[in-house]
Structure formats: C-alpha cells, structure tokens
Amino acid sequence: SVLAFVTNPLFATKSVMKGGSPNAAEQSTLLRMADTTTNKNGAGGSSSELIVEEASSRAYVGTIGNWEEIQGNFILRPPVNDGQPRALLHFLGGALVGAAPHISYRYMLEKLAERGYLIVATPYNLSFDHLESCDTVISSFERIAPMLARQYGAVPVVGVGHSCGALLQLLITSLFPDTPRAANALLSFNNKPVKEAVPFFDEVFTPLFTTLAAKNETYPSGTEAMNIGLQLAKSAIEGELPSDDVLQRITKFLVPPGLSEPYSPENVAIPAQVRDAVATILEPSTKALSNAGVAPVMHQVVEALEQIPLLVDEVAVGARDFTPTPSSVRAAARRAYRARRTLILQYDNDPLDESDELEELLVEAEKVTRMKRPMIEIDLQKTTLEGGHAAPLLAPPVDLATRAEDILGQDTAKERLLYQQADATVEELVRWLEESSL
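Residues numbered from 1 in each chain as written. Predicted model: local features only at pLDDT ≥ 70, side-chain atom pairs only at ≥ 80, totals over all residues. Heavy atoms only, no water.

## Quick notes on empty space enclosed by the protein
Then comes step 1: Across all of its chains, the model carries one cavity of 30 Å³ or more by this definition.
Then comes step 2: Looking at the largest cavity, the residues that line it are Tyr 337, Ala 339, Arg 340, Thr 342, Leu 362, Ala 365, Glu 366, Thr 369, Ile 378, Asp 379 and Leu 380.
Then comes step 3: When contributions to the lining of the largest cavity are tallied by element, the ones reaching two or more residues are helix H14 (355-372) and strand S12 (379-385). (1 Å grid on protein atoms, 1.4 Å probe; cavity = no way out; pocket = protein on both sides within 12 Å on 5 of 7 lines; lining within 4 Å. Points joined across faces, edges and corners; volume = space filled by probe spheres on them. Helix = DSSP H or I, 4+ residues; strand = E, 2+ residues; numbered from the N terminus.)

As structure tokens, then:
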C-alpha cells in the first residue's frame, strides 16, 4: 500500500472549463501563497525563523556556489532581476548520484535557474522500496513548500527526474494524489527489475552482501566497518575530530572484552578543549577547501557512498526486487497517472533506457483518463537527443564552462569539455517548458 502522508494545503489543481476543455494556463498545479499556512506540526513559520533557517543553511558544508540547503532540499533561485520564477522545477536525480543532485547535475540545474526557473533538488537514498523513497522525497519537499509559497506566491510545480528519479516522479504522480504536478519531464526512464539492472545479482551480489552484513560480537560487520570509515571521512572533510560515539564504536571492536573500567568503550571521549583547539588549527584549511568547492564535493561523495551499506543490509534481510515491482509500476501508471503535460526525453545511445515502453504506457493512461473525463486536454511529447544514459551529468560547473567559452568559443569549449549533450538537454527542457504555457 502507498505510504500515508499529510495533505499539504499549498497545493491545488485549478481548472477552468472553456468550450468543454481546460484552459492550459489555468490548469497548472500551483504552489500557493500562504501567509498563515500551518506546517505539519500546526505552526506557521515566521519571517525571522526563515531568515535564521536560510542563514544557517548557507554554512552547510555540502553546499556550493549559490545553492542553499533547507530542510533536506537543495534550493537554487533564479536571478533576482528576473522577477517571478517561470516555474518551480522539483528535481530528482538517478540512482546513487541522486543523493547529491546539486553537485551531480550542477551544470544542467544551474543553467535552468539562469533561464528563470526556481530549482528544488531533493536528495534521497537509493532503496529497494521505491514507495518509501517517494514518501521521503514528498516529506522533504513539503517542509520547504510553505516558505517558498510565502516568498513567490503561485508558481507551477513541474516534476523533473532522471533515470531512477524519473521512475519516482512517475510513481508520485500516479500513487500520491495529494502531490499533483502541472507537468513532468522524465529523462532516461528506467523500470527494469533488479536482476536485469544488476547482472549476476543472485549469483554474486546476494551472497556477497549477506556475508558483509553478518554480525558477531568480536569484529564489526562489513557494513558497520563501512559506516565507521565514512563517518571518519566526513569528520576529516569538516575539519573536526571524530565524535565520541564513533570513537566508542571503534574501541568496542579494538579493545578485548573484560578489560578494567578505564579502558571500556563507554569511557572513550575527547575533551571539548581539545576539539576546539583542533578545529581552530584546521579552520584555515577547511575554509580554503570549502571556498575552492573541494570540500562540498568530497562531502557529497561521502554521503552518496553512505547508501551502499544501507543497500547491503536490505539485501541481507531479503530484498530481491524493487517495491513496487516493475509490473506493478506499469499497472499503477496505466490506471492513475495524472500529469496533463509530459515530456519523455531519451538518448540515442542508452541501453538502460525504457522511454519507448513509457510512451506506450502513458498513451494507454491517456485513454483511461479520457474514458473518465472525455474533454480533458493531455499533451504527451517524446524527444530523442544524442548521448548516453549519463548525458545530463557530464558537464563542468557553469563558471568553468563560461570561462572556457570566452577563451575557446562556445562550440570548441562544449566539444573539449564534453558538455554538448548536457547543454542540449537544457535547451530541450526550456523549449518544452516555454511551449507548455504552464
């Protein structure tokens, strides 16, 4: 069953029937202005709270450039002098790289923001349970929706997803009726079962992951060791000593049981004065790495790697396919997909892509919808671009690309830095968004 969540009053679908069909401009899903809208806990956020929240978000080590981290979402605002955003693009990245969408897809998303779109990129951990991933994404988005509504008023919400992110957008639009979309752009859609997506899953990965996750009282399991190592790496990137909790977990497996009280793991702790002194010494290096954009990238790489122990543990406890299964996804979309405008974007050298099957599926969904509402207006487009599955990811930061274009010229820079395909993706998305009259 679909995981339950609280309906957000900021979202509404507004349709005006003219001549038997909905007006395209009026049917957009709106992020509505709500000066006194309450959040899920029943309390409205004040302006001062928002200022504090935004100020603290800018200090987050994982942010880069003009990105802000707010309530588990990465926000990129369009230029101030552009006025009202054309739309809010709610972006979900692909498997693993979706944990750091503002870095993995930085060029594409920053170029879209330059064109007047408000970007909300919600990270998520890859899981065999896609419904839980959808629920996590929706909860994160709803936590910042009231703030954005108060700042920008009524803005169309467009779902954009790449690979696994496209699958999640399909599920959100089909199975979560209280999270409507004005439109969806689905890039490199993939709905393969685990055994097709991961070769030798049963023969190699299942027994390997089960062994890695096995626990005993003497040594850490493989996943415990990975988690400890990742926590140590994150502390180093942040210029801090490991937390006492991490040190106690390490000591537990290094110190033989039965030693006297002073050597027990519970007594391992670093004095606050020592922590402060080390942080002060490392602060210049940490700031330099952060200002250079190195620390945020390293931090997000670690956060992406943190998904691996979680997946190992899921397999160890019996996960053998995705939930819902590919056939269940198809059935749900055929019966309940609700977006009135959809762009399917595929690449001509992508063996993982299933956009052709998705197009057939959404054509069937349109027939089902028209049986219920015969006069409804539905727009489905499919475009094929040059490139492979990773085309939206393969690009340098915008500032580097701009400098290269100034020196080499646009065509030469795109060829040498290999971002023609990412740039073509941006242009196609903008073309479709402008034609959609959201």
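Additional details are given in the paragraphs that follow.
## Brief notes about the pattern of salt bridges
Then comes step 1: This structure, assessed with the given rule, holds 18 salt bridges.
Then comes step 2: With a closest N to O distance of 2.9 Å, Glu 427 and Arg 115 form a salt bridge. Placement of the pair is Glu 427 in helix H17 (residues 420-435) and Arg 115 in the loop between helix H3 (106-114) and strand S8 (118-121), with a sequence separation of 312 residues.
Then comes step 3: Among the ionic pairs, Arg 431 bridges to Glu 435, the shortest N-O distance being 2.6 Å. Taken together, the residues Arg 431 and Glu 435, both in helix H17 and four residues apart, mark about one turn of the helix.
Then comes step 4: By relative accessible area, Arg 431 is classed as partly exposed at 26%.
Then comes step 5: Overlapping salt bridges, with partners in common, bring together Lys 234, Glu 303 and Glu 306 in one network. (Salt bridge = Lys/Arg side-chain N within 4 Å of Asp/Glu carboxyl O. Buried < 20%, exposed > 50% of the residue type's maximum accessible area, 1.4 Å probe, protein only.)

## Thoughts on the pairing of strand S9 (residues 155-162)
Then comes step 1: With respect to burial, S9 is a largely interior element, eight of its eight residues being buried.
Then comes step 2: The alternating pattern of S9 places Val 155, Val 157, Gly 159 and Gly 161 and Pro 156, Val 158, Val 160 and His 162 on opposite faces, both of which are buried.
Then comes step 3: Across five bridges, strand S7 (residues 88-92) lies against S9 in parallel orientation. In the strand pairing of S9, Phe 91 is matched with Val 160.
Then comes step 4: As paired strands, S9 and strand S10 (residues 183-187) are joined by five bridges and run parallel to one another. Directly across from His 162, in S10, lies its bridge partner Leu 187. (Pairing = 2+ DSSP bridges.)

## A short note on the pairing of S8
Then comes step 1: Residues Leu 118 and Val 120 line one face of S8 and the alternating positions Ile 119 and Ala 121 line the opposite face, and both faces are buried.
Then comes step 2: The sheet contact formed by S7 and S8 spans four bridges and is parallel. Residue pairing across strands places Leu 89 opposite Ile 119, the latter belonging to S8.

## Topic: unusual backbone geometry
Then comes step 1: Cis geometry marks the peptide bond from Thr 323 to Pro 324; its omega dihedral reads -5°.
Then comes step 2: Among the secondary structure elements, Pro 324 is positioned in the loop between helix H12 (307-316) and helix H13 (326-336).
Then comes step 3: Phi angles above zero are rare outside glycine, and Leu 96 is one such case at about 70°.
Then comes step 4: Within the element layout of this structure, Leu 96 appears in the loop between S7 and helix H2 (101-104).
Then comes step 5: We note that Leu 418 has phi near 60°; this positive angle belongs to a residue other than glycine.

## Looking at the nonpolar core
Then comes step 1: In terms of nonpolar packing, the biggest core is built from 38 residues, with Phe 128, Leu 170, Tyr 337 and Leu 358 touching the most fellow members.
Then comes step 2: Going through the elements one at a time, helix H4 (130-152), helix H5 (164-175), helix H7 (201-213), H12, H13 and H14 are the ones with two or more residues in this core.
Then comes step 3: With residues up to four places along the chain from it excluded, the contact list for Tyr 337 reads Leu 170, Thr 173, Ser 174, Asn 184, Leu 186, Ala 332, Thr 342, Leu 362, Ala 365 and Thr 369. (Core = buried A, V, L, I, M, F, W, Y, C linked by side-chain atoms within 4.5 Å. Contact = heavy atoms within 4.5 Å.)

## Focus on the packing of aromatic side chains
Then comes step 1: In this structure the tally under the stated criterion is five aromatic pairs.
Then comes step 2: Through a chain of ring-to-ring contacts, three or more aromatic side chains come together here, namely Phe 128, Phe 201 and Phe 322. (Phe/Tyr/Trp six-rings, centres within 6.5 Å; stacked < 30°, edge-to-face > 60°.)

Interpretation in functional terms is not warranted from these geometric data alone.
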